[in-house]
Amino acid sequence: MSSNNAAFEGTDNAAFEGTFKEMFRRHAAGVAIITVNYNGVPYGFTATSVASLSAKPPRFTFNMARSSSSWPAVANTSHIGVHMLGLENQELADRFARTKDRFEGDHWQLGPHEVPILKDVAGWLIGKIQMRLSFENNAVVVVEVVEGQVGEDGAPLLYHSGAYGQPMPLDYEI
């Protein structure tokens, strides 16, 4: 073992919670909304943990707290939707992150497999849940895509350092 690792041996993980939170505040993430229909009731929440898992077959993952009010729906349904958000969707992101009236209004409709589809987003995918991996109070959900649609091309909505943001082009070409 290297001497660098020896300094962290036996250290309480709680001591690094602040460092962990600050590091991930500095990590920009795309903003998405997960939707699900459970027993005829729409559920949804804003997520920054959506990630591509594989292209063949097309799969994505997301993480969520099992204490979330949406967890019972995610835990007991077969199909789920993910909606990628653009800059113009900040109000929608806030609605699904901070309010209880997420589905009041005409900003959504039932889509394939009865999954709620949000209107005027950068794109959406519907998938069949393949796996739910629970770990302590959290879960990783693996979803295989079965439907989808790409919306208008535009700048993605990002979340960074506790606020929404947008990408800025660099003077660099590949």
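Residues numbered from 1 in each chain as written. Predicted model: local features only at pLDDT ≥ 70, side-chain atom pairs only at ≥ 80, totals over all residues. Heavy atoms only, no water.

Points about the confidence of the model for the protein
Stated precisely, the cut-off is as follows: On a range of 0 to 100, pLDDT expresses the predictor's confidence in each residue. It only takes one pair of heavy atoms within 4.5 Å for two residues to be counted as in contact.
In the predicted model, the protein carries a mean pLDDT of 90, and 93% of its residues have values of at least 70. Predicted confidence for residues 1–8 stays below pLDDT 50, and this span has 3 contacts to residues more than four positions away or in other chains.

Quick notes on the sheet that holds strand β12 (residues 163–165)
The condition that has to hold: Paired strands, in this sense, are two strands between which DSSP finds at least two bridges. Helix and strand assignments come from DSSP, with helices taken as H or I runs of at least 4 residues and strands as E runs of at least 2, each series counted from the N terminus.
The strand order β1-β11-β12 describes an open sheet built from 3 strands, whose pairing is antiparallel. At either end of the open sheet lies a strand with only one pairing partner, and these are β1 (29–30) and β12. In this structure, strand β11 (residues 158–160) lies alongside β12, joined through 3 bridges in antiparallel fashion. Counted as the bridge partner of L158 is G165 from β12.

Section: the nonpolar core
Counted only if it meets this: The nonpolar core is taken to be a set of buried Ala, Val, Leu, Ile, Met, Phe, Trp, Tyr and Cys residues, with the residues joined through side-chain atoms within 4.5 Å. Each residue is assigned to one of three classes by its accessible area relative to the maximum for its type, calculated with a 1.4 Å probe on protein chains only: buried under 20%, partly exposed between the two thresholds, exposed over 50%.
The biggest cluster of nonpolar side chains holds 18 residues, and the ones touching the most others in it are I34, F45, F62, V74, I80, V141 and V143. It is strand β10 (residues 138–150) that provides the largest number of residues to this core, a total of 4 residues. Residues L92, A93, F96 and I117 belong to the second largest nonpolar core, which totals 15 residues.

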